Amino acid sequence: MQFFKVHRKEILRHLIVWTIITSIIITIDPPSGILSRKIVVTFLLMLNYMIAYYAESLFIFPKYFGKSMLKLAICTTIALLVYEAIQHLALFIVSPMFGSKTGFESSPPYTLFLNSCFLFFCVSIVAYGGYQNRVSKLNIKTQNEREKVMLLKELGFFKNQFNSHIVFNFLNFCYSHIHKESTDGARAIETFSTMLRYTLDNNPDKFVPLQTEVEYINNFISLQRQLSKNVQVNFHILGDLKGFYIYPRVLINFIENAFKHGEIACPENPINIRLEASDNQIKMFVINKKKKSPKLPSSTVLCNLTVVQQLELLYKGEYNYEYNDDTETYSIELLLTNKNTVND
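Just so we're clear, the structure is a prediction, and the values are computed from it rather than from any experiment.

Engineer: It is not clear to me how the sheet that holds strand S2 (residues 233-238) should be interpreted in this structure. Could you clarify?
Structural biologist: Pairing in this open sheet of five strands is mixed, and the strands run S2-S4-S5-S7-S6 from one edge to the other. One side of each edge strand has no neighbouring strand; the edge strands of this open sheet are S2 and strand S6 (319-325). Taking each pair of neighbouring strands and ignoring which way they run, the sheet shows an average axis angle of 5°. Relative to strand S5 (residues 281-289), strand S4 (residues 271-278) runs antiparallel, the two sharing seven bridges. Bridged to Leu275 within S5 is Met284. Lying over the sheet, helix H7 (residues 210-227) contacts S2, S4 and S5, oriented at roughly 165° with respect to S2. Against the sheet, helix H8 (residues 252-261) touches S2, S4, S5, S6 and strand S7 (329-337), its axis set at about 5° to S5.

Engineer: Help me understand the pairing of S5, please; the structure alone is not making it clear to me.
Structural biologist: For a regular strand, side chains alternate in direction, first toward one face of the sheet and then toward the other. Burial of the side chains of S5 is restricted to one face: Ile282, Met284, Val286 and Asn288 are buried, whereas none of Gln281, Lys283, Phe285, Ile287 and Lys289 on the reverse face is. Linkage of S4 to S5, two consecutive antiparallel strands, is achieved through a turn of two residues, within which Asp279 is found at a positive phi near 55°. Pairing geometry for S5 and S7, over nine bridges, is antiparallel. Counted as the bridge partner of Phe285 is Glu333 from S7.

Engineer: Where do I start with H7 in this structure?
Structural biologist: Given 3.6 residues per helical turn, the α-helix brings residues three or four places apart onto the same face. Between its first and last C-alpha, H7 extends 26 Å over 18 residues, near the 26 Å set by a 1.5 Å rise per residue. Within H7, the full set of buried residues consists of Leu210, Glu213, Val214, Tyr216, Ile217, Phe220, Ile221, Leu223, Gln224 and Gln226.

Engineer: Whenever I open this one, the packing of helix H6 (residues 183-201) against H7 confuses me. Can you help?
Structural biologist: When two helices pack together, their arrangement is captured by the angle between the axes and the distance separating the axes. H7 packs onto H6 with a crossing angle of 150° between their chain directions and a minimal axis gap of 10 Å. Considered as vectors, H6 and H7 are oriented roughly antiparallel to each other. Crossing angle aside, the handedness with which H6 passes H7 is left-handed. Where H6 approaches H7, its residues Asp184, Arg187, Ala188, Thr191, Phe192, Thr194, Met195, Tyr198 and Thr199 are matched on the opposing element by Thr212, Glu213, Tyr216, Asn219, Phe220, Ser222, Leu223 and Gln226.

Engineer: Teacher, can you tell me more about the packing of aromatic side chains here?
Structural biologist: The geometry of an aromatic ring pair is captured by two quantities: the separation of the ring centres and the angle between the planes. In the structure shown here, the tally under the stated rule is 16 aromatic pairs. Pairing Phe254 with Tyr321 gives two aromatic rings, centres 5.4 Å apart and planes at 50°, and the pair type is tilted. On the criterion of sequence distance, the pair formed by Phe254 in helix H8 and Tyr321 in strand S6 is long-range, its members being 67 residues apart. Of the two residues, Phe254 and Tyr321, neither departs from the other in class, the shared state being buried.

Engineer: For this particular structure, what's the right way to read the nonpolar core?
Structural biologist: As a rule of thumb, nonpolar side chains are buried together in soluble globular proteins. Residues Leu210, Ile246, Leu251, Leu311 and Leu336 are the most contacted members of the largest nonpolar core, which totals 43 residues. Those elements that place two or more of their residues in this core are H6, H7, S2, H8, S4, S5, helix H9 (296-315) and S7. Top element by residues in this core is H7. It accounts for seven residues. When sequence neighbours within four positions are dropped, the list of residues in contact with Leu336 reads Ile246, Val250, Leu251, Asn280, Gln281, Ile282, Leu311, Tyr315, Glu318 and Tyr319. Grouped together as the second largest cluster of nonpolar side chains are 19 residues, Ile60, Tyr64, Ala79 and Tyr83 included.

Conventions adopted
Residues numbered from 1 in each chain as written. Predicted model: local features only at pLDDT ≥ 70, side-chain atom pairs only at ≥ 80, totals over all residues. Heavy atoms only, no water. Pairing = 2+ DSSP bridges. Helix = DSSP H or I, 4+ residues; strand = E, 2+ residues; numbered from the N terminus. Axes fitted to C-alpha atoms, helices over the stretch in contact; angles between N-to-C directions. Contact = heavy atoms within 4.5 Å. Buried < 20%, exposed > 50% of the residue type's maximum accessible area, 1.4 Å probe, protein only. Expected span 1.5 Å × (residues − 1). Parallel < 35°, antiparallel > 145°, perpendicular 65-115°, else oblique. Left-handed = near helix turned anticlockwise from the far one by under 90°. Phe/Tyr/Trp six-rings, centres within 6.5 Å; stacked < 30°, edge-to-face > 60°. Core = buried A, V, L, I, M, F, W, Y, C linked by side-chain atoms within 4.5 Å.

Right, dumping it as structure tokens:
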């Protein structure tokens, strides 16, 4: 890391701040005339501050701070000399052109130098703060990227160790033999095989059509109904799913949690799932009646932590997740930004 990249939004924010500061300075001592000394000199002085600030925060500190104190001192000294030169230009060359005095004419020669050094020191402190702020943001971003890479490596390691060819051959063998005795058992194996293939064939960091994720959810619900005849669940889909994309297995976590911790055989309180695709957003609402189990709170907290970690890695800044943990029921609301772009 030698230099920092500056984004457009940050440039706009800085322009607004510098404009406000300049306006305040000019307002305190209103100029007179069309091209007054106050406007020109103030502009040169503010330009001087800006050059010093960005030279240090974007170049000098990132390149030499903590690496070479000698080079840092040399570059800082050069920046100070440039700052002094522009300061002298504004106060002793430009200002007299408008017939005005700066107040430094009768002062000892070192007065302006000391004054400039003090102001440069103040600018340097602010520049160092800006540099540290960028370093902190960069460290957070780097840490998030490392966590994402580690997660993807772990999933990749699992796939590499998982011999899908043998497993699917075995499932096909079970299906062909069980089908003779139990069509329900064979159908359950077929559904599970489809779900397993979806999990293995799709990379966790690559988008998939929302429709395929919905098919996976339907297969999961179908498998649950095959395993238990008393499953009570309602799954409603609103909107046209065409053109909507999502990271695989993001939605299923919440539904699996509802089946794991919820009461699945209560006709009066079925598991309710609502999925809506509209306005370039994907919304999901899940509510279930709780099982009466003392382990539910800790399990739910663990699930929430895992879900939030996954959302932070995949949808950082592009999601909203809320949950409501009542005495009898548990519900979640999830809002995701549609990933309607092509995978890299």
